[in-house]
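Each chain, written out:
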Protein chains: 4
Amino acid sequence: MAGNAEYDAYREDVVGRANVANTAELVDYYRDLEGQGAGALWTVANKIEPWQPSPPSIPMLWKYAALRPHVLRALDLVTPEKAGRRVVYLVNPGRREAEAAVGWLYTGLQVMGPGEVASSHRHSASALRFIMEGQGAFTVVDGAEITLGANDFVLTPNGTWHEHGVREGGTPCIWQDGLDIPLMNALDANFYEVHPELQQARTEPVDASTAIWAGPGLLPAGQQWSRRYSPMLRYEWAPTYEALCNYARVSDGSPFDGIHFDYVNPVTGGPVMSTIGASMQMLRPGEHTRAHRQVGSFIFHVAKGAGRAVIGGRRFDFVERDIFCVPSWTFHEFVNASASEDLCLFSFHDLPVIRALGLYREEGYGENGGHQPILS
Amino acid sequence: MAGNAEYDAYREDVVGRANVANTAELVDYYRDLEGQGAGALWTVANKIEPWQPSPPSIPMLWKYAALRPHVLRALDLVTPEKAGRRVVYLVNPGRREAEAAVGWLYTGLQVMGPGEVASSHRHSASALRFIMEGQGAFTVVDGAEITLGANDFVLTPNGTWHEHGVREGGTPCIWQDGLDIPLMNALDANFYEVHPELQQARTEPVDASTAIWAGPGLLPAGQQWSRRYSPMLRYEWAPTYEALCNYARVSDGSPFDGIHFDYVNPVTGGPVMSTIGASMQMLRPGEHTRAHRQVGSFIFHVAKGAGRAVIGGRRFDFVERDIFCVPSWTFHEFVNASASEDLCLFSFHDLPVIRALGLYREEGYGENGGHQPILS
Amino acid sequence: MAGNAEYDAYREDVVGRANVANTAELVDYYRDLEGQGAGALWTVANKIEPWQPSPPSIPMLWKYAALRPHVLRALDLVTPEKAGRRVVYLVNPGRREAEAAVGWLYTGLQVMGPGEVASSHRHSASALRFIMEGQGAFTVVDGAEITLGANDFVLTPNGTWHEHGVREGGTPCIWQDGLDIPLMNALDANFYEVHPELQQARTEPVDASTAIWAGPGLLPAGQQWSRRYSPMLRYEWAPTYEALCNYARVSDGSPFDGIHFDYVNPVTGGPVMSTIGASMQMLRPGEHTRAHRQVGSFIFHVAKGAGRAVIGGRRFDFVERDIFCVPSWTFHEFVNASASEDLCLFSFHDLPVIRALGLYREEGYGENGGHQPILS
Amino acid sequence: MAGNAEYDAYREDVVGRANVANTAELVDYYRDLEGQGAGALWTVANKIEPWQPSPPSIPMLWKYAALRPHVLRALDLVTPEKAGRRVVYLVNPGRREAEAAVGWLYTGLQVMGPGEVASSHRHSASALRFIMEGQGAFTVVDGAEITLGANDFVLTPNGTWHEHGVREGGTPCIWQDGLDIPLMNALDANFYEVHPELQQARTEPVDASTAIWAGPGLLPAGQQWSRRYSPMLRYEWAPTYEALCNYARVSDGSPFDGIHFDYVNPVTGGPVMSTIGASMQMLRPGEHTRAHRQVGSFIFHVAKGAGRAVIGGRRFDFVERDIFCVPSWTFHEFVNASASEDLCLFSFHDLPVIRALGLYREEGYGENGGHQPILS
């Protein structure tokens, strides 16, 4: 049966699994089926029903020191008018065809120069920004201008008109974009529109959404917000860091993730957007978490401090502004190598999708005190 | 038919309403029915189906200056052991039989002296505290000790073990209690238990719940809180006031209520407890709101500043710490009489009940620019 | 202290309960408080915080044989124009002031003659009908005409325009009305309107709602129903009885309630209306359920068969069409005395209220095999 | 720039879109980025952000007459022990790498012979069966045996142990399987287990779930079902068809889909499983629906009658048991060509996913009376 290896390549000699060897008659049968737009399940059953998830994404670390010059160079190489957005996007070798950094998540580093303003658009993809450096950047979301400061987490939810810019007198600004463009395409659900007037009018005071929605345990009385994303569009760094410190004062947090918050929609307590969630966690000086794995894909951004991760048995050392990913169902653990400074990791992920569909699972690494051996 | 006025007292000469005059035959019939544990609907239909709510509660203002000496006197008159709790409770003349201040809401002023600790209990009624004066008070709720500071809003939800005390070295402390004891009795749903050991063990750091749950737009990752009340048990005054100021900076707020927050369960965005909601609102210097009426009963506490309310056409002037009530479907409007200081009103109410049952309505006062004439 | 018994009438000599004896000084104090619209909590604490619910309602049985002549007599005594509705309503001796049959539930027996049509109205109260006898009756709910057959369960939800009638050529028709008028009044939430044209136009085919919404495990695709009551307005007896028989074929049902269905809103699986639920249960020949008690008030209607109930230790024997009530937190058990015929009990209750507010509890009767001793 | 077409292949000369021509400097830059696991967004932006969904799936029709002999032949070609399941699965030419029939949906025709029983397994994928022909087939789901009759719709939800068989004395049985295996793999969320004892014990009466949960507007009182799939596992054809006829008697149904029901979880009114929905629709004799398109992928099965569909401008004629698919955002319309017999179409789809993520849209075909021109 040489040349027909595709038909019995996935055999497993296990009760309850497909284990059919090729015969000449069977190969003829398979080819007949192909001619009908069909196939024999047992030739692919073990492939499409693996014992556990085997993601094509691989763990990756992108060093900001290496990427930054390329990002800045885009300021000179292309105009915003021609490029639309000047973004260096990150590619997972296992997800190249989906333009994804991990799973169905896209991420990139966007740069804008002083006085620049991009044109306004909207799309089915949900987008977030995590601000890295520079002065004077802003985003406008459905008429609301939002100031972008370092380590702020900002939403541009699906379906909202949005555009970015940097004020005259500012400096070149870089932020990380996170979107679920690949998922929208995978689900055949991606729509895109350019704003008819290219720029939006401002309809409310700058940073109003945070002023209204960020009160602790407070919501505007009688509010009627019913959209599926958070009305609070900017989660500022200073109060987030203060909240991490408060939490750390009264709790050890999670053995897997330390002091760990989800950013939430204050109206529901649920994720900030329907298809992307985001979190911020703190590892205290010297903290080494236990490994676990989860159904879900994660992109991390080192917001403060330095340390390392072990992901799928591989060690990745990182410093502030580095970016790395954790594929689904892959063991991962973190180390804050500093004896004095805390380590803060921002992350975004597809857990809202996984949870909405009832697919979440997690599992701690049971051996060796919860720590993976490092693959050499 | 003299002597049988009860049978045709509610007649209305309107199509679609009952309008049956007594006859000798009918009165005999009515008496026959009474003998069977029955009655004729048309003799009471117009009474039990009014055109709109006609609450038995009346608008009331309780002056703290008058009540405070009585509250403090309770420290000398009774012991905590004999009294259980030393509370002066407020009685609405129209709700005396239910021991309610308005509708089905109970409220009272509780006092404790330094070094005193009450015994622990739990009940079906939901309880809240709004702290008025004194140093050193605390509450323990299901093992969690909570510090009570002036204008803090604190929960002791239904079904939780709770007890109060004042530390040695503190001062006499007074706070307002708000409970739905009358509603629990009306619904034949009130259970009460004394803690088997009279005092609870502390099981977590002091004020931990606020440290964990009060982050703006943040929740502990992977939290599993599913009880029907907020896990955040103390809503501190300082960040609440800061949130009011932030909101006021970007919005005019509500024409009826000014800058107006609901205290919420951060896990759901819903009310802090299933049967009692609470709010805090700010009227800016000189602000005079327009009148409206709502289905729902409200008890207000003047947290900061002074001013007046017009409730059902009657004027009530108040200063800090005064307490007043607004019965259901009664027009009310507020005035901050100060030209320089803001006015903050804490309130609690039964809107979670009214909304859970789909009964909420509201209506603005349409005439005279939204302001009621004052009844003389 | 003669004459002041009200102040220490509720003393309990139990740690954690109020136990303050009157003194002259205290009585003076109490009277001072009364003058301020206030009172001392410890004088009433044990009364308003009972160890468990002590409902004022008492178990009652109303015999249809006794009531029916009175109901029919109303046809002659009053006109629909003058009476609005000709209803004999049932009064619980403990709930007379609320015009309630138990708790906050109203019920009555309504009668109409051939060719009569009542005027249309709507109100905050939720209403249901359980049809007892006669031919040709109908209800119109928001333009939808509904045929009323014996043992059908029919909704006229709160806020819907509705009116009843009997077709020319029909017979005098009697049905049971169930409403939460007393609850709406208690919550100060009751509104009432007469239809501006007194009669509604029909806007859809007769009995359309059942044709559309009663498919087993089926709902109209893409339906957008979002009101808080069931779009299915008539639950017919024949398929309900068939469902009881199907369920009984594969299950023993509940030890407390036998084969027991709730009528539900098919769009949500929840109760048919926000404030009143309804159920139908079958006890097989000879079945004697175990006693339990629940937070919630119930009115039962014997839809088929005969038997008895023991409620709060009192025995009530009933036949088809008799009506009885079970107050909150009162033990109750049922007996189907027939060796050959099944017994079907319709009931309606306030469990949707109790559950929406998180107050539901139940408890089996632990002794004597689950059967209460009969009080003599 | 010959040879670098991949970098500017997606240029669009539209304001707000990427439109950067290759230069030698840029191509160098792109290659540098590739070496870093990165890329320039503007080279792919227009590709990954299309103006509207452009699904890789194509409309397909699979004729049962052609497939059936191949399906039956599998009985002879492979044993259940070796093959696991004898299934001919249907392949969309645009989705071959995902083994999907459309979008992320898998479907196949399974056959079993008399006396055969498959081994029990469970997986993350949700599965459904639509029964086509044969006598004596059954499925066991978590201990519950379910009889499979023609046109019955049966669930084997994700995470449930399940196995199929045909009773001794039955005939060869064929049914359609529908699963979301491709989606589970795409989401890196697929787990698979073989039952430790290969066969399950029966723990309840045959077809109990339908006997309990299929009452119209009825649910077992006090039920606590909280899993994310329907407890009703079999939706029988006879009452489904009766419901279609009832609905058709009082309504014209949808202009796009005729008389159209979703199969629902009776406990929630929501879809039968979290990730796959199913529907049944009837087109009356001669009915020709208007075209519309939806975000979502659909597989149709002709349950009764014959007719045709126009999908994306292509005409497909079908008879009973044929299967066809409609890709996302593709216009489709149906014709019942018979003047006397109704046409019933079963379908399953990913709308529960699309809706859970807030991505649903639909649009009617506006021109030509709602009918697409046929592409030649």
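Note that the structure is a prediction, hence the values are computed from the model and not measured.

A. Structural detail: the pattern of salt bridges. Counted according to the given criterion, the structure contains 84 salt bridges over all chains. Between Asp-177 of chain B and Arg-129 of chain B there is a salt bridge; the shortest N-O distance is 2.6 Å. Here Asp-177 of chain B, found in strand S11 (residues 173-179), pairs with Arg-129 of chain B, found in strand S6 (residues 127-133); they are 48 residues apart in sequence, far enough to count as distant. Pair check on accessibility: Asp-177 of chain B and Arg-129 of chain B agree, each one buried. The closest approach of N and O atoms between Arg-17 of chain C and Glu-12 of chain C, which form a salt bridge, is 3.0 Å. Looking at Arg-17 of chain C, the relative accessible area reads 2%, which means it is buried. Where salt bridges share partners, they join Asp-152, Asp-207, Arg-234 and Glu-236 of chain A into one cluster.

B. The arrangement of the relation of the copies chain D and chain A in detail. Mapping chain D onto chain A is achieved by rotating through 180° and translating by 0.0 Å along the same axis, at an RMSD of 0.0 Å. Look at the turn and shift together and you get a two-fold axis relating the two. Every residue of chain D has its C-alpha some distance from the rotation axis, and the shortest such distance is that of Ala-356 of chain D, at 3.2 Å.

C. View of helix H8 (residues 237-250) of chain D. All names here are of chain D. With 14 residues, H8 extends 21 Å from end C-alpha to end C-alpha; this agrees with the ideal 20 Å at 1.5 Å per step. Of the residues making up H8, those classed as buried are Trp-237, Thr-240, Ala-243, Leu-244, Tyr-247 and Val-250. For H8, the angular spread of buried residues about the axis comes to 160°, placing them on one side. Projecting away from the buried face of H8 at angles above 90 degrees are the exposed residues Ala-238 and Arg-249.

D. Molecular detail of the sheet that holds strand S11 (residues 173-179) of chain A. Reading across the sheet, the seven strands line up as S14(A)-S9(A)-S6(A)-S11(A)-S4(A)-S3(A)-S1(D) and stay open at both edges, with antiparallel pairing between neighbours. Of all the strands in the sheet, just strand S14 (234-235) of chain A together with strand S1 (38-40) of chain D have a single pairing partner and so form its edges. Bridge count for strand S3 (residues 87-90) of chain A against strand S4 (residues 106-112) of chain A is three bridges, and the pairing is antiparallel. Each residue of the ladder has a partner; that of Val-88 of chain A, found in S4 of chain A, is Leu-109 of chain A.

E. Quick look at the environment of Ala-201 of chain A. All names here are of chain A. Tracing the backbone shows Ala-201 in the loop between strand S12 (192-194) and helix H7 (208-213). Since its relative accessible area comes to 56%, Ala-201 is described here as exposed. The spatial distance from the C-alpha of Ala-201 to the C-alpha of Gly-143 is 5.8 Å, given a sequence separation of 58 residues.

F. Looking closely at the relation of the copies chain D and chain C. Note on the identical chains: chain D maps onto chain C by a rotation of 180° and an axial translation of 0.0 Å, with an RMSD of 0.0 Å. A symmetric contact is evident, with 100% of the interface residues of chain D recurring at the interface of chain C.

G. Representation of the interface of chain D and chain A in the model. With 85 residues of chain D at the contact, the number on the chain A side is 85 residues. For the pairing of chain D and chain A, the buried interface totals around 7,700 Å² over both sides, and the portion due to carbon and sulfur atoms is 61%. It is Asp-188, Phe-191 and Tyr-192 of chain D that lose the most area in chain D upon contact with chain A, and together they represent 10% of the buried surface on that side. On the surface where chain D and chain A come into contact, there are six salt bridges. The closest approach of N and O atoms between Arg-85 of chain D and Glu-49 of chain A, which form a salt bridge, is 2.7 Å. Between chain D and chain A we count 32 residue pairs in polar contact (both at pLDDT 80 or more) in total. Counting residues per element, the side of chain D that touches chain A draws most heavily on helix H4 (residues 64-77) of chain D, which supplies seven residues. Pairing between S3 of chain A and S1 of chain D: three bridges, direction antiparallel. From the neighbouring strand, Tyr-89 of chain A faces S1 of chain D, where its bridge partner is Gly-39 of chain D.

What counts as what
Residues numbered from 1 in each chain as written. Chains lettered and ligands numbered in written order. Predicted model: local features only at pLDDT ≥ 70, side-chain atom pairs only at ≥ 80, totals over all residues. Heavy atoms only, no water. Salt bridge = Lys/Arg side-chain N within 4 Å of Asp/Glu carboxyl O. Helix = DSSP H or I, 4+ residues; strand = E, 2+ residues; numbered from the N terminus. Buried < 20%, exposed > 50% of the residue type's maximum accessible area, 1.4 Å probe, protein only. Least-squares fit on C-alpha atoms with pLDDT ≥ 70 in both. Expected span 1.5 Å × (residues − 1). Arc of directions from axis to C-beta. Pairing = 2+ DSSP bridges. Contact = heavy atoms within 4.5 Å. Buried area = accessible area lost by both parts, 1.4 Å probe. Polar contact = N/O pair within 3.5 Å; in protein donor to acceptor, adjacent residues only side chain to side chain.

So yeah, pure geometry; function would need other evidence.
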